[in-house]
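# Structural overview for review
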Amino acid sequence: MGLTHSNSRRTGRAGAISLSVLAMAFIVGIVLAMPMQAAAQEGTAAPAVSADSPTGGAVPGQSMGTTSDSDYWRAVRGGVQGNVSIPDQNAAILVQSEGEAWRSFRNGPMSLYASWALLGTIVLLGIFYAIRGRIKIAHGRSGQTITRFKAIERFGHWMLASSFVVLALTGLNLLYGRYTLKYVIGNEAFAFVTQMGKYLHNYLAFAFMAGLVMIFVMWVRHNLPDRTDIKWAMQGGGIFSDKLHPPAKKFNAGQKVIFWLTILGGVSLSLSGWQLLFPFTTTFFADTFDKINLVFGTDFPTVLAPIQEQQLAALWHAIMSVFMICVILAHIYIGSVGMEGAFDAMGSGEVDLNWAKEHHSLWVEEHVADIHDKKTGQQPAAQPAE
Ligand code: HEM
């Protein structure tokens, strides 16, 4: 026992001595290393920091010093651009605080207001449906049909529509999935779904653009504004009464608004999406600001850093897509549950004659020869619209 005791005491003393030696060596090491480290940092300090910098040219990172690191980093956060020898000149900006501002805006107010807009649209459509109900064919179905859209028109529409729906769902997942879907299906499944969604989003963008070009080419001449639109709009499109049906050609004023919003919104989404797909290759925002300044005499910045272009593209893409989703929700509503007989136009391409006379009387007058008798499959004698 005694032997063991003295042994352990000896061991304990030896341990204490070696610990003290180590500690001293450590302190000496730090004392010696500090000036060396300071000298090394001085050598690599960013060229942007001159003697009149907030720290007076002193080296940052001295926790025991008297100068303020925060002043130094505040200056760096201004986005000062230095020089790098690698090809990626974006790396020359050490800290770009706009990235943080961008992130806070995207995840904060933008996402919040966008969710209100989406929910608000759904609630408004629900209220409208509750008050107005389904818009009926006032004279009932006639049994006769008229060809409204040819196969190629329906193909273009459905290519645009189906790609838009997938783009909208996968895009909304990128914006809100982490707060919603992730808690429903779990982390692993969410990661998988989101990655697949991102691939779909990247590739279906091209189907969307193709659909957009198709409907533009096929329908633009029917969507030029004319005098009938004024009468239609003055009567509120007859939307509040089954009896009131202002005359309209192939597309009424409401549809023309949807058409132009789709084309302009679709082009804007496509361009900003392109900028996100192929980063740092375009200067769409600087170019657009330049044109806007020319036309309106405004003072938008026309020299933007590549990273600023990307940040604007990401914000604009999200804002435009939420706006377009709200518009298209209203369109889907009126083209399906909201109006009896409307879906047939894009389903089979054949609409009931009474529906056509009620909603597009001027168009029916132009196309009396296309009327078909559903029961006999014959073309009946031409009959003008009411
Ligand atoms: C997915 C559900 C959709 C349904 C059920 C639907 C239904 C319809 C119907 C029935 C028409 C013909 C209306 C008529 O005969 O007068 C139409 C037209 C049209 N659709 Fe869609 N659509 C859908 C999605 C979309 C999407 C996603 C877009 C664009 C991104 C779109 C753009 C258009 C345009 C521009 C027209 C012509 C203007 C108009 O009638 O308002 N549609 N749609």
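The protein carries the name Formate dehydrogenase in an unreviewed UniProt entry, which gives Roseibium aquae as its organism.

## Some thoughts on the coordination of the iron atom of the ligand
Protein coordination at the iron atom of the ligand comes from His157 (NE2) and His331 (NE2), with a distance range of 2.0 Å. Each of the 6 donor atoms bound to the iron atom of the ligand contributes to angles spanning 85 to 178°, and the resulting shape is octahedral. Highlighted residues: histidine 157 in helix α4 (residues 151-176) and histidine 331 in helix α10 (residues 306-335), separated in sequence by 174 residues. According to the relative accessible area criterion, histidine 157 is buried, its value standing at 12%.

## Description of the nonpolar core
Counting residues in each nonpolar core, the largest one holds 42 residues, and the members touching the most others are Ile146, Phe164, Ile215, Trp219, Trp355 and Ala356. When residues of this core are traced back to their parent elements, those giving at least two are α3 (98-132), α4, α6 (187-219), α8 (253-277), α10, α11 (343-347), α12 (353-359) and α13 (361-366). Of the residues forming this core, the biggest block, 8 residues, is contributed by α10. Not counting the four nearest positions on each side in its chain, tryptophan 219 is found in contact with Phe149, Glu153, His157, Phe251, Phe259 and Met346. If you look at the next biggest cluster of nonpolar residues, it comprises 5 residues, including Phe285, Ala286, Leu304 and Ala313.

## Structural notes on the packing of α3 against α10
Where α3 contacts α10, the two axes come as close as 10 Å, and the packing angle between them is 5°. By the angle class used here, α3 and α10 are roughly parallel. Split into classes, the residues belonging to the contact of α3 with α10 amount to 20 nonpolar, 4 polar and 2 charged.

## Description of the site of the ligand
In the neighbourhood of the ligand, 24 residues make up the surrounding shell, with Arg148, His157, Gln255, His331 and Ala345 lying closest. Interatomic distance of 2.8 Å between a side-chain N/O atom of histidine 157 and a nitrogen atom of the ligand. Glutamine 255 is positioned with one of its side-chain polar atoms (N or O) 2.4 Å from an oxygen atom of the ligand. Those elements that provide at least two residues to the shell around the ligand are α4, α6, α8, α10 and α11.

## Concerning the UniProt feature "transmembrane region" (unreviewed entry) in the protein
Following the UniProt record, the feature "transmembrane region" (unreviewed entry) maps to residues 12-34, 112-131, 158-179, 199-220, 257-277 and 314-334 here. Structurally, residues 158-179 comprises 86% helix and 0% strand, and the distance from its first C-alpha atom to its last is 31 Å. In residues 257-277, helix accounts for 100% and strand for 0%; the two terminal C-alpha atoms are 29 Å from one another.

## So, the sheet that holds strand β3 (residues 371-373)
Strands sit in the order β2-β1-β3 across an open sheet of 3 strands; the sheet is antiparallel. Two strands bound the open sheet, and with one partner strand each, they are β2 (350-352) and β3. Sheet twist, expressed as the mean angle between neighbouring strand axes with direction ignored, is 40°.

## Examining the pattern of salt bridges
Counted by the stated rule, this structure contains 7 salt bridges. We note a salt bridge from glutamate 100 to arginine 103, for which the minimum N-O separation is 3.7 Å. With glutamate 100 and arginine 103 both in helix α3 and 3 residues apart, this pair spans about one turn of that helix. The exposure class assigned to arginine 103 is partly exposed, which follows from its relative accessible area of 44%. Aspartate 226 is the partner of lysine 256 in a salt bridge, and the nearest nitrogen-oxygen pair spans 3.7 Å. On the criterion of sequence distance, the pair formed by lysine 256 in helix α8 and aspartate 226 in the loop between α6 and α7 (227-234) is long-range, its members being 30 residues apart.

## A short note on the packing of aromatic side chains
Per the counting criterion, the structure on display carries 13 aromatic pairs. Here phenylalanine 149 and phenylalanine 251 contribute two aromatic rings whose centre-to-centre distance is 6.1 Å and whose plane-to-plane angle is 25°, an arrangement assigned as stacked. Pair noted here: phenylalanine 149 is in the loop between β1 (144-147) and α4 and phenylalanine 251 is in the loop between α7 and α8, with a separation of 102 residues, a long-range link. For the pair shown, phenylalanine 149 and phenylalanine 251 are each scored as buried. With centroids separated by 4.9 Å and ring planes inclined at 50°, the aromatic side chains of tryptophan 274 and phenylalanine 278 adopt a geometry described as tilted. Among the aromatic side chains, those forming a connected cluster through ring pairs are Phe128, Tyr129 and Tyr333. Above the plane of the ring of tryptophan 363 lies arginine 148, whose end atom (NZ or CZ) is 4.8 Å from the centre.

## Things to note about the environment of isoleucine 93
For isoleucine 93, the position within the fold is in the loop between α2 (69-76) and α3. Classification of isoleucine 93 by relative accessible area gives buried; the value is 18%. In sequence terms isoleucine 93 and arginine 77 are 16 residues apart; their C-alpha atoms lie 9.2 Å from each other.

About the thresholds
- Residues numbered from 1 in each chain as written.
- Predicted model: local features only at pLDDT ≥ 70, side-chain atom pairs only at ≥ 80, totals over all residues.
- Heavy atoms only, no water.
- Donors = N, O, S within 2.8 Å, 3.2 Å for Na, K, Ca; no water.
- Tetrahedral: all angles 85-135°; square planar, octahedral: opposite > 155°, others 65-115°.
- Helix = DSSP H or I, 4+ residues; strand = E, 2+ residues; numbered from the N terminus.
- Buried < 20%, exposed > 50% of the residue type's maximum accessible area, 1.4 Å probe, protein only.
- Core = buried A, V, L, I, M, F, W, Y, C linked by side-chain atoms within 4.5 Å.
- Contact = heavy atoms within 4.5 Å.
- Axes fitted to C-alpha atoms, helices over the stretch in contact; angles between N-to-C directions.
- Parallel < 35°, antiparallel > 145°, perpendicular 65-115°, else oblique.
- Nonpolar A, V, L, I, M, F, W, Y, C, P; charged D, E, K, R; others polar.
- Near = heavy atom within 4 Å.
- Polar contact = N/O pair within 3.5 Å; in protein donor to acceptor, adjacent residues only side chain to side chain.
- UniProt positions renumbered as here; feature names shortened; annotations may be inferred.
- Pairing = 2+ DSSP bridges.
- Salt bridge = Lys/Arg side-chain N within 4 Å of Asp/Glu carboxyl O.
- Phe/Tyr/Trp six-rings, centres within 6.5 Å; stacked < 30°, edge-to-face > 60°.
- Lys NZ or Arg CZ within 6 Å of the ring centre and 35° of its normal.

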